[in-house]
Amino acid sequence: MSVRRGPGHGDERDDAALIAACRQGDESAWEALVQRYQRLIYSIPRRAGLGEDLAAEVFQQVFAKLVEHLDRIEQPARIQAWLVTLARRESLRLLRREPRPASVRDDADEEDAGREDPVDQAPLADETLARMEAQQRVHQAVLSLDERCRELLILLFYRAEPPSYAEVAAALGTSEGSIGPTRARCLRKLQQLLE
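Residues numbered from 1 in each chain as written. Predicted model: local features only at pLDDT ≥ 70, side-chain atom pairs only at ≥ 80, totals over all residues. Heavy atoms only, no water.

Engineer: Could you clarify how one ought to interpret the overall build of the protein chain in this entry?
Structural biologist: What the protein chain contains, in helices and strands, is eight helices and zero strands. Each helix (α) and strand (β) of the protein chain, taken in turn from the N terminus, gives the series α-α-α-α-α-α-α-α. Every one of the 195 residues in the protein chain was classed for burial, and the buried ones make up 37%. Taking the intrachain contacts of the protein chain between residues at least 6 apart in sequence as the baseline, contacts between residues at least 24 apart amount to 60%. For the protein chain, the computed accessible surface area is about 12,000 Å², with 48% contributed by carbon and sulfur atoms. (Helix = DSSP H or I, 4+ residues; strand = E, 2+ residues; numbered from the N terminus. Buried < 20%, exposed > 50% of the residue type's maximum accessible area, 1.4 Å probe, protein only. Contact = heavy atoms within 4.5 Å. Areas by Shrake-Rupley, 256 points an atom, 1.4 Å probe, with all protein chains shown as cover.)

Engineer: Would you mind going over the packing of helix H3 (residues 52-69) against helix H4 (residues 79-97) with me for this structure?
Structural biologist: The geometry of a pair of packed helices is captured by two quantities: the angle between their axes and the separation between those axes. Running from N to C, H3 and H4 cross one another at 130 degrees; their axes reach a closest spacing of 9 Å. By the angle between their axes, H3 is oblique relative to H4. At the point where H3 passes H4, the crossing takes the right-handed sense. Within the contact between the two elements, H3 uses Leu54, Glu57, Val58, Gln61, Val62, Lys65, Leu66 and His69 and H4 uses Ile79, Trp82, Leu83, Leu86, Ala87, Glu90, Ser91, Arg93, Leu94 and Arg97. (Axes fitted to C-alpha atoms, helices over the stretch in contact; angles between N-to-C directions. Parallel < 35°, antiparallel > 145°, perpendicular 65-115°, else oblique. Left-handed = near helix turned anticlockwise from the far one by under 90°.)

Engineer: Looking at this model, I keep getting lost on the layout of surface pockets. Mind explaining?
Structural biologist: Once rolled over the atoms, a probe with the size of a water molecule shows which space is left empty. Considering only enclosed or pocket space, the second largest pocket measures out at about 180 Å³ in volume. Along the walls of the second largest pocket sit Arg39, Leu40, Ser43, Arg47, Met132, Gln135, Gln136, Val138, His139 and Tyr158, which together make up its complete lining. Sorting the residues of the lining of the second largest pocket by element identifies helix H2 (27-47) and helix H5 (126-144) as the ones contributing at least two each. Here the lining of the second largest pocket gets five residues from one element, more than from any other, and that element is H5. Split into classes, the residues belonging to the lining of the second largest pocket amount to four nonpolar, four polar and two charged. (1 Å grid on protein atoms, 1.4 Å probe; cavity = no way out; pocket = protein on both sides within 12 Å on 5 of 7 lines; lining within 4 Å. Points joined across faces, edges and corners; volume = space filled by probe spheres on them. Nonpolar A, V, L, I, M, F, W, Y, C, P; charged D, E, K, R; others polar.)

Engineer: Could you clarify how one ought to interpret the nonpolar core in this entry?
Structural biologist: Side chains of nonpolar character tend, in soluble globular proteins, to be buried together. In terms of nonpolar packing, the biggest core is built from 29 residues, with Tyr37, Ile41, Val62 and Leu66 touching the most fellow members. Taken together, the elements giving at least two residues each to this core come down to helix H1 (15-23), H2, H3 and H4. Aside from chain neighbours lying at most four places away, what touches Val62 is Ile41, Leu83, Leu86 and Ala87. Leu152, Leu155, Ala169 and Leu190 belong to the second largest nonpolar core, which has 14 residues in total. (Core = buried A, V, L, I, M, F, W, Y, C linked by side-chain atoms within 4.5 Å.)

Engineer: Which parts of the structure should I look at to understand the pattern of salt bridges?
Structural biologist: When their charged atoms lie close together, side chains carrying opposite charge are able to pair. Scanning the entire structure with this criterion turns up six salt bridges. Salt-bridge contacts for Asp26 lead to Arg13; the nearest nitrogen and oxygen are separated by 3.2 Å. Linking Asp26 in the loop between H1 and H2 with Arg13 in the segment before H1, this pair joins segments that are 13 residues apart in sequence. With a relative accessible area of 25%, Asp26 lands in the partly exposed category. Given the relative accessible area of 8%, Arg13 is considered buried. For Glu90, the salt bridge is made with Lys65, and the minimal N-O distance between the two is 3.3 Å. With Glu90 in helix H4 and Lys65 in helix H3, this pair connects stretches of sequence that are 25 residues apart. (Salt bridge = Lys/Arg side-chain N within 4 Å of Asp/Glu carboxyl O.)

What follows is the structure, encoded as structure tokens:
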């Protein structure tokens with residue numbers, strides 16, 4: 001399927017279709033692929049403890065390697081796993097490259113004076129990665145909902161401070177009384193997409 005919605009609303013093509021289109025030089029497929037995975041890939045080095053600049057470097061390296069290896073990817077439908085693995089490796093490489101602060105200890109003796117604190121070399125715990133992947137799946141499912149449901153769920157669940165029903169009703173041009181039932185229908189649709 002090659003349905004394309006407006007900017008910020010995602011591309012409905014699956015990963016394999018996007019990779020195939022990228023191989024054909026389809027610029028919109030590249031944009032959709034980057035948009036689909038940018039939050040996930042950027043979050044991996046950030047959660048590993050790298051700063052914004054280094055996280056951006058990891059992000060750039062991951063997508064540069066995707067371009068480099070595009071024709072050799074054997075399982076395009078598993079591109080998310082490939083990108084995550086690459087982001088973890090790049091994060092680990094940068095963690096090893098960056099100087100670490102020396103430990104500060106009250107009882108440090110001469111033998112320990114020049115040692116550094118050990119740093120966990122694993123960028124992410126598996127459960128954290130699983131949670132991030134689940135968040136990415138939910139985010140993609142929300143983007144694929146119809147416009148009314150998408151806007152409602154973003155207003156209700158993607159803001160630091162959820163707005164009141166009156167604010168939501170005003171933003172959507174509907175009555176306050178319809179928000180609850182509409183929310184329930186939209187959450188059922190979302191659940192069906194995720195199943």
